[in-house]
Amino acid sequence: MTLRSAVVPTVKPYERRYRQAVRDLIFRSYRVHTHLDWQEVEDWLDSPDHPALLAWVGDRLVGALAASAPLSSACWLRLVVVSDFGDAGRAISTLWQAMSEYLRMRGVRTVALLISRDWMLSHLRNIGFHPVEDIVTLARARQAVLDVAPPDDVFLRLIYPDDIDALTAIDHAAFAPPWQMERADVRLAEKVSSIATAAVRDGTIIGYSLYTVYVDGAHLARLAVVPQAQGLGIASALISDALHRFARRSIFTMTVNTQASNTRSQQLYQRFGFVLNGFDLPVWMIDLV
Ligand SMILES: CC(C)(COP(=O)(O)OP(=O)(O)OC[C@H]1O[C@@H](n2cnc3c(N)ncnc32)[C@H](O)[C@@H]1OP(=O)(O)O)[C@@H](O)C(=O)NCCC(=O)NCCS
């Protein structure tokens with residue numbers, strides 16, 4: 001039975017002492033959305049860079065909302081959770097009102113959210129989000145690897161932890177908001193990568209790729225080339241090199257995600273034998289005016 005409450009929840013910023021309460025709410029509730037990529041919820045919430053708000057009715061936690069660090073006037077809602085007991089719509093709209101005011105003050109103009117579960121759709125529509133894009137998945141089965149060498153003045157090497165600033169700069173130059181990764185995410189992504197490679201010209205990194213390994217294959221987690229060096233075969237060389245490296249470890253299958261509108265990257269992946277597998281996730285956005 002759902003208990004409905006006419007009480008408007010009180011919204012307060014997240015504090016570390018509420019860590020267990022948030023954990024419990026996430027564990028117990030049906031209506032949970034997390035999109036934290038490489039981070040655990042608690043680490044995520046405890047980072048001062050991530051705006052996080054909690055909704056309370058009395059001393060009962062009824063909802064939480066957390067966003068990524070604003071970057072180039074954009075951010076992602078990465079944690080949404082509401083209690084099974086109470087008015088979910090009211091909790092979300094109250095949290096969103098406070099969050100949107102805060103983000104506006106921080107200069108954010110676009111907020112995005114990856115739809116992982118259907119329960120969110122009506123609530124998001126009610127607060128003004130709308131569908132903008134799909135994230136598509138391409139998968140590559142075991143097959144011969146297309147050999148692509150980098151241009152003569154470019155060489156490939158493994159990435160070192162010292163490269164994180166350079167990778168972040170490339171990421172921000174190659175991707176438009178809200179698709180850019182914050183430095184902390186680049187660092188974590190590199191850390192959990194099984195293979196991480198860079199393309200270097202005149203001592204400067206001009207492109208990079210990161211790959212993780214899961215049970216029975218690899219995942220191309222990130223690929224970017226600076227705009228001035230695109231179209232020269234650098235991404236192709238990075239992918240070709242990584243497929244060979246994985247094949248030497250008897251890993252032959254690979255997946256990758258990209259935006260449905262990113263036809264350029266899809267053409268590139270298709271040349272290497274990746275095919276769309278139909279696993280699509282919608283991305284909804286709202287413009288804060
Ligand atoms: C997608 C991306 C990684 C491709 O990198 P890239 O180094 O330009 O890729 P390549 O050069 O290997 O291939 C791209 C094109 O250049 C062409 N090309 C390859 N070698 C070439 C050469 N020697 N001379 C001219 N063109 C060449 C390819 O045929 C390909 O053509 P297409 O655009 O018609 O498909 C790059 O555009 C990028 O960083 N984009 C923004 C971030 C992004 O979308 N990342 C991937 C999705 S998550």
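Nothing here was measured: the structure is a model prediction, and the numbers come from that model.

A.B. asks: What exactly am I supposed to notice about the domain arrangement of the protein chain here?
C.D. replies: One frequently used descriptor of interface size is the decrease in accessible area upon assembly of the parts. Looking at the assigned domains, one finds that the protein chain contains domain 1 (10-128) and domain 2 (137-281). Spacing between the C-alpha centres of domain 1 and domain 2 amounts to 31 Å. Across the boundary between the two partners, domain 1 contributes 13 residues, which contact 13 residues of domain 2. Around 1,200 Å² of area is buried between domain 1 and domain 2 when both sides are counted, 67% of it from carbon and sulfur atoms. The interface formed by domain 1 and domain 2 holds zero salt bridges in total. Put simply, domain 1 and domain 2 have four residue pairs in polar contact (both at pLDDT 80 or more) between them. For the side of domain 1 that touches domain 2, the secondary structure elements donating two or more residues are β5 (74-82) and β6 (110-114). Top contributing element to the side of domain 1 that touches domain 2 by residue count: β5, with three residues. Partitioning the side of domain 1 that touches domain 2 into residue classes produces eight nonpolar, four polar and one charged.

A.B. asks: I would appreciate a short explanation of the packing of helix α5 (residues 164-174) against helix α6 (residues 183-192) in the present structure.
C.D. replies: The packing of two helices is summarised by the inter-axis angle and the distance between the axes. At a minimum axis separation of 9 Å, α5 and α6 run at an interaxial angle of 120 degrees. In this structure, α5 meets α6 at a crossing whose hand is right-handed. Together, Ile-164, Asp-165, Leu-167 and Thr-168 of α5 and Arg-183, Val-186, Arg-187 and Glu-190 of α6 make up the contact between the two elements. Among the residues forming the contact of α5 with α6, the class breakdown is three nonpolar, one polar and four charged.

What counts as what
- Residues numbered from 1 in each chain as written.
- Predicted model: local features only at pLDDT ≥ 70, side-chain atom pairs only at ≥ 80, totals over all residues.
- Heavy atoms only, no water.
- Domains from an automatic or database assignment.
- Contact = heavy atoms within 4.5 Å.
- Buried area = accessible area lost by both parts, 1.4 Å probe.
- Salt bridge = Lys/Arg side-chain N within 4 Å of Asp/Glu carboxyl O.
- Polar contact = N/O pair within 3.5 Å; in protein donor to acceptor, adjacent residues only side chain to side chain.
- Helix = DSSP H or I, 4+ residues; strand = E, 2+ residues; numbered from the N terminus.
- Nonpolar A, V, L, I, M, F, W, Y, C, P; charged D, E, K, R; others polar.
- Axes fitted to C-alpha atoms, helices over the stretch in contact; angles between N-to-C directions.
- Left-handed = near helix turned anticlockwise from the far one by under 90°.

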